[in-house]
Amino acid sequence: MGKTKGFDKFAVVTFILIFGSFIAFRAESVGTDTRHYNQLFRNIADAEHIWSFYEFWKYPVYSIIGRLLSYVSADPQIMVIFTGFFIVTANAVFIYRMSEDVVLSLYLYVALDLYMFAFNITRQNFAMAVILLAYLCFESGRPKLGIVLILLAMGCHSLGILGFAMVPLFMIKNQKRMRQIYLCGSFLFAAVGIRLATLFVRLFKFYTLSSSSGFSFLEPDSSGNRMYTAILILAIEGVGLYLLRIHQWSKEDQLKFSRLASISNIALFSMIFMRHYYAFARAERFFLQFVVVLIPLVLSYVYKKYNYRIIKYMLAAVMFLPYVTKLDQYLPYKTFWT
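It should be emphasised that the depicted structure is a prediction, and the values quoted were computed from it without experimental measurement. (Residues numbered from 1 in each chain as written. Predicted model: local features only at pLDDT ≥ 70, side-chain atom pairs only at ≥ 80, totals over all residues. Heavy atoms only, no water.)

The number of helices and strands found in the protein chain is 16 helices and zero strands. When the 338 residues of the protein chain are sorted by exposure, 52% land in the buried category. By sequence separation, contacts in the protein chain at least 24 residues apart represent 74% of the contacts at least 6 residues apart. Looking at the protein chain as shown, the accessible area adds up to about 16,400 Å², and 66% of this sits on carbon and sulfur atoms. (Helix = DSSP H or I, 4+ residues; strand = E, 2+ residues; numbered from the N terminus. Buried < 20%, exposed > 50% of the residue type's maximum accessible area, 1.4 Å probe, protein only. Contact = heavy atoms within 4.5 Å. Areas by Shrake-Rupley, 256 points an atom, 1.4 Å probe, with all protein chains shown as cover.)

Rendered as structure tokens:
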């Protein structure tokens, strides 16, 4: 149903150049905490030794990257440029490798607010990008490198530990059992989420449930799109299970669906049962990013090309509406040289 590989490569490269540039060359006034991360870079660069930076052990990998880049330029914009292009490139590569419809997945990456989210909370988005690369390593039979990448993600942001949630996907052979285990696990995660978060803080003393801006991660979340996205995930998984019964899927696609649906369930249950808490709105984005390739996989088994296009364009239109209503949160846009 998708275009040729040549067109997909063109779409991915174009996306990286255009959308990567918007993030990379933004002024520090664009995004909720770009100014904070610029100051963080200065603190890392000014430390006598990298390990003497007061928060080094909280995010050592991110600190080392910042220190290395400071030898190239003392301007904090170099960190914004590096992280911006890395985040967009990692997502685009993941989509290119995993999606049945690359252009649709790139659109969903933007429409599901994952792209705009990358303008903020740089360390977490950097860790999320590394997790995607780790998934590709597991997918290609390189689990040791995948584990290393998860550990590196943890060195950028504590929530990188969520990457270990995808490891069993490549250990459980029975697909039905895999989906059942992740379904039950996702429900338990949502049901006892607050207690898990409290335990996490006790185990990792350097991590707190309070943000740098002074509000609690356990305060009510005002995002109105989480339930909307949960309904979308629930619908696409239901359609996927239906199509799995009436059509003959390849074994590779069956396994791919089971893995992507299983990991997406964590985001689904978090959105439904933990929708009032900001901490889980952030955590579930680690799993939401897999939905952008799950949707085209399911739609690829709508065999009639006419029906496929109708569903695809209707989905794109429906996804566009809530996205437009949030654009005012990111405008006006300014480059760092203006």
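Here we take up the packing of helix 5 (residues 102-111) against helix 15 (residues 291-299). Any two packed helices are characterised by the angle at which their axes cross and by the distance between the axes. Interhelical geometry of helix 5 versus helix 15 gives an angle of 140° and a closest axis separation of 8 Å. In terms of axis orientation, helix 5 runs oblique to helix 15. Our pair here, helix 5 against helix 15, has a crossing hand that is right-handed. On the side of helix 5, the interface is formed by L104, S105, L108 and Y109, while helix 15 contributes V292, V293, I295, P296 and L299. A breakdown of the residues in the contact of helix 5 with helix 15 according to their chemical character gives eight nonpolar, one polar and no charged. (Axes fitted to C-alpha atoms, helices over the stretch in contact; angles between N-to-C directions. Parallel < 35°, antiparallel > 145°, perpendicular 65-115°, else oblique. Left-handed = near helix turned anticlockwise from the far one by under 90°. Nonpolar A, V, L, I, M, F, W, Y, C, P; charged D, E, K, R; others polar.)

All right, on to the side chain of D253 then. Along the chain, D253 turns up in helix 12 (residues 251-273). No salt bridge is formed by the buried D253; the nearest opposite charge belongs to K256, separated by 5.0 Å. If near-sequence neighbours (up to four positions away) are discounted, D253 is found in contact with E100, L297 and Y301. (Lys, Arg positive; Asp, Glu negative; His and termini not counted. Salt bridge = Lys/Arg side-chain N within 4 Å of Asp/Glu carboxyl O.)

Positive phi, normally seen in glycine, also occurs at D113, with a value near 75°. Mapped onto the elements of the fold, D113 is located in the loop between helix 5 and helix 6 (114-117). Unlike most non-glycine residues, I121 shows phi in positive territory, near 50°. The residue I121 is located in the loop between helix 6 and helix 7 (122-139) in this model.

Right, let's talk about the pattern of salt bridges for a bit. According to the stated counting rule, one finds six salt bridges in the structure shown. For K58, the salt bridge identified is with E55, shortest N-O distance 4.0 Å. Its relative accessible area of 25% is what places K58 among the partly exposed residues. Among the ionic pairs, K256 bridges to E100, the shortest N-O distance being 3.3 Å.

Take the packing of aromatic side chains next. All chains considered together, the criterion is met by 22 aromatic pairs. Aromatic side chains F56 and W57 sit 4.7 Å apart centroid to centroid with 80° between the ring planes, which places their arrangement in the edge-to-face category. According to the relative accessible area criterion, F56 is buried, its value standing at 8%. Here the aromatic rings of F82 and F86 are separated by 6.2 Å at their centres, their planes lie at 20°, and the arrangement is stacked. In this pair, F82 and F86 are both assigned in helix 4 (residues 77-98), four residues apart and thus about one turn of the helix distant. Under the relative-accessibility criterion, F82 is labelled partly exposed at 34%. Above the plane of the ring of F117 lies R285, whose end atom (NZ or CZ) is 4.1 Å from the centre. (Phe/Tyr/Trp six-rings, centres within 6.5 Å; stacked < 30°, edge-to-face > 60°. Lys NZ or Arg CZ within 6 Å of the ring centre and 35° of its normal.)

With eight of ten residues buried, helix 5 is to be regarded as a mostly interior element. Of all the residues in helix 5, the buried ones are V102, L104, S105, L106, L108, Y109, V110 and A111. A positive backbone phi angle near 75° is found at D113, which sits one or two residues after helix 5.

This part takes up a nonpolar patch on the surface. Among the surface-exposed residues, V13, L17, I18 and F22 lie close enough to one another that they form a single nonpolar patch of about 360 Å² accessible area. One can find F22 in helix 1 (residues 5-24). (Patch = residues over 30% accessible without salt bridge, like charges linked within 9 Å, V, L, I, M, F, W, Y side chains within 5 Å.)

Within the largest apolar cluster, 102 residues are counted, with the highest numbers of intra-cluster contacts made by Y109, Y135 and M166. For this core, the element with the most residues is helix 7, which contributes twelve residues. (Core = buried A, V, L, I, M, F, W, Y, C linked by side-chain atoms within 4.5 Å.)

Further remarks concern the environment of P168. Looking at the secondary structure, you find P168 in the loop between helix 8 (143-154) and helix 9 (175-191). As for P168 and M178, which are separated by ten residues in sequence, their C-alpha atoms are 8.3 Å apart.

Another aspect to go through is the confidence of the model for the protein chain. Chain-level statistics for the protein chain give a pLDDT mean of 84 and a share of 83% at 70 or above. A low-confidence stretch, residues 209-223 stays under pLDDT 50, and its non-local contacts, those more than four residues away or across chains, total 28 contacts. (pLDDT = per-residue confidence, 0-100.)

This brings us to helix 12. Helical periodicity: at 3.6 residues per turn, an α-helix aligns residues three or four positions apart in one direction. Taking 1.5 Å of rise per residue, the 23 residues of helix 12 would be expected to cover 33 Å, and the 33 Å separating its terminal C-alpha atoms lies within 8% of that figure. At N265, helix 12 shows its maximal kink, close to 25°. Extensive coverage of helix 12 is indicated by the burial of 17 of its 23 residues. (Expected span 1.5 Å × (residues − 1). Bend = angle between axes of the 7 residues up to and from the residue.)

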